[in-house]
Amino acid sequence: MCGRFSQREAAEIYAAKVGWKSGRTDVGDGLKYNVPPGTRPIVLHQLGDGSDQIDRLFWGYKPEWYKRSPVINARLDTILKKSPMWRGLLGKRVLVPTDGWFEWTGETGDKQPWFIHGKDGAPLFMAAITAWQPGKDDDVEHGFAIVTDASAGGMVDIHDRRPVVLAPDAAREWTSTDTSVESALELLSTARPETAFTWHPVTRQMSNVKYQASDANQSTL
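- With an unreviewed UniProt entry as reference, the chain is termed Abasic site processing protein, source organism Alcaligenes faecalis.
- Taken directly from UniProt, the Sequence similarities (unreviewed entry) text for the chain runs: "Belongs to the SOS response-associated peptidase family."

Some remarks on the overall build of the chain
- Assigned secondary structure in the chain consists of 4 helices and 12 strands.
- A compact globule built from 221 residues should have a C-alpha radius of gyration of about 17 Å, and the chain, at 16 Å, falls within 12% of that.
- If you line up the chain on its principal axes, its C-alpha atoms span 45 × 35 × 30 Å.
- Within the chain, buried positions represent 52% of all 221 residues.
- At a minimum sequence separation of 6, the contacts of the chain that also span at least 24 residues come to 71%.
- In the form shown here, the chain has an accessible surface area of approximately 10300 Å², with 49% of it arising from carbon and sulfur atoms.
- Positive and negative side-chain charges in the chain, numbering 26 and 28 respectively, have mean positions lying 4 Å apart.

Looking at the packing of aromatic side chains
- Applying the stated criterion to the full structure yields 6 aromatic pairs.
- Arranged with centres 4.9 Å apart and planes meeting at 40°, the rings of F5 and W59 form a pair that is tilted. With a gap of 54 residues between them, F5 in strand β1 (residues 5-6) and W59 in the loop between β3 (53-56) and β4 (73-75) connect regions that are remote in the sequence.
- Taking relative accessible area as the criterion, F5 reaches 0% and is therefore assigned buried.
- With centroids separated by 5.0 Å and ring planes inclined at 45°, the aromatic side chains of F102 and F115 adopt a geometry described as tilted. Placement of the pair is F102 in strand β6 (residues 100-105) and F115 in strand β7 (residues 112-118), with a sequence separation of 13 residues. Across the pair, F115 and F102 agree in class, each one buried.

What to know about helix α3 (residues 168-175)
- Of the positions making up α3, those classed as buried are A170, A171, W174 and T175. End-on, the buried residues of α3 take up no more than an arc of 135°, which puts them together on one face.
- Buried residues belonging to α3 abut β2 (42-45), β5 (93-98), β8 (124-130), β11 (165-166) and α4 (181-187).

Concerning the sheet that holds β6
- Within the open sheet, the 4 strands sit side by side as β1-β6-β7-β12. Their pairing is antiparallel. Here the strands that pair on one side only, and so sit at the sheet edges, are β1 and β12 (197-201).
- Of the strand pairs in this sheet, β7 and β12 are connected by 5 bridges, and their pairing is antiparallel. Paired with H117 across the two strands is T198, which belongs to β12.

Side note on the pairing of β7
- Counting buried positions along β7 gives 7 out of 7 residues, so the element sits mostly inside the fold.
- Counted along the chain from β6 to the antiparallel partner β7, the turn is 6 residues long, and its residue G106 has a positive phi close to 105°.

As for the layout of surface pockets
- Approximately 210 Å³ is the volume found for the largest pocket.
- E9, A10, A11, G28 and R56 are, among the 16 residues lining the largest pocket, the residues nearest its centre.

Some thoughts on the nonpolar core
- Core analysis: the largest hydrophobic core is formed by 33 residues, its most contacted members being I54, W86, I129 and W174.
- Mapped by element, the contributors of at least two residues to this core are α1 (11-17), β2, α2 (76-80), β8, β9 (144-150), α3 and α4.
- With sequence-adjacent residues up to four places away left out, I54 is seen in contact with A11, A15, W20, S22, R24, T25, V27, I42, V43 and L44.

Examining the pairing of β8
- Burial within β8 is extensive, with 7 of its 7 residues counted as buried.
- For β5 and β8, the ladder comprises 6 bridges, and the chain directions are antiparallel. When the sheet's bridge partners are listed, R93 is paired in β8 with I129.
- When β8 meets β9, the two strands line up antiparallel, connected through 3 bridges.

Procedures and definitions
- Residues numbered from 1 in each chain as written.
- Predicted model: local features only at pLDDT ≥ 70, side-chain atom pairs only at ≥ 80, totals over all residues.
- Heavy atoms only, no water.
- UniProt positions renumbered as here; feature names shortened; annotations may be inferred.
- Helix = DSSP H or I, 4+ residues; strand = E, 2+ residues; numbered from the N terminus.
- Rg over C-alpha atoms; globule rule 2.2 N^0.38 Å.
- Buried < 20%, exposed > 50% of the residue type's maximum accessible area, 1.4 Å probe, protein only.
- Contact = heavy atoms within 4.5 Å.
- Areas by Shrake-Rupley, 256 points an atom, 1.4 Å probe, with all protein chains shown as cover.
- Lys, Arg positive; Asp, Glu negative; His and termini not counted.
- Charge placed at Lys NZ, Arg CZ, Asp CG, Glu CD.
- Phe/Tyr/Trp six-rings, centres within 6.5 Å; stacked < 30°, edge-to-face > 60°.
- Arc of directions from axis to C-beta.
- Pairing = 2+ DSSP bridges.
- 1 Å grid on protein atoms, 1.4 Å probe; cavity = no way out; pocket = protein on both sides within 12 Å on 5 of 7 lines; lining within 4 Å.
- Points joined across faces, edges and corners; volume = space filled by probe spheres on them.
- Core = buried A, V, L, I, M, F, W, Y, C linked by side-chain atoms within 4.5 Å.

Next up, the structure:
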C-alpha cells in the first residue's frame, strides 16, 4: 500500500533526475514532508500534446458510478485482470516523484510509522494511472491512483504491499505516448526490487496528517 509519502524536493530536482525537459517547473506550493491522499502532489506526465509536463494532480480516484470511498492505490493484480475500474486509464500514465513513502506496524492505537526510501538516497518514481486529461477538472473524478504490488523480502515485515517504483529509464518509458498499454504493463514487472530500499522508524507525530515538520521522515533510532 501507499497511503502517505514525502515530496520534499522542488519540482525541478525530480524533473532533472528523470531527464524531464518541461519548460514549466513552478507548480506552486504543496505539502512536502507528509503528503496524504486528497491533496495535489507533484506529478510528471506527457498527457495532452505528448511533451514533458509537470503538474499537481488530485491523489485519489472515484468515477461517478463508483459508490465507495475514493481509491488511492491500484493493485497490479487487479489491473492485469482487466478490471473495468482501471481498463480505461492505462493509456493515461503518470509518475509520482518522491523521496520515500510511509507505512505503519503495530496494533491499532499504538502504531509505529516507518519511512521507506532508496538506499542511494535518490528520488524515486512511482507508477500511477489517472483519469485526468487537459481541460478536465482537477478533482476526484479525474484523479490518480498509485500502482501497488505485493512486497517481498524483509519489506513484508513492514507491509505486505508496496508501490511500484520504476528506475529513471523505465519511468520515462512508462509515461511516453509511444509506449503501448501492453508494453507499459510489462514495465510494471521491472519495478526496483526490495533490495534497493531501506527503512527506519520515524516520529509517531507524523501519523497526524497535519504534521508537516521536516523531521517527519528522519530516523528516531
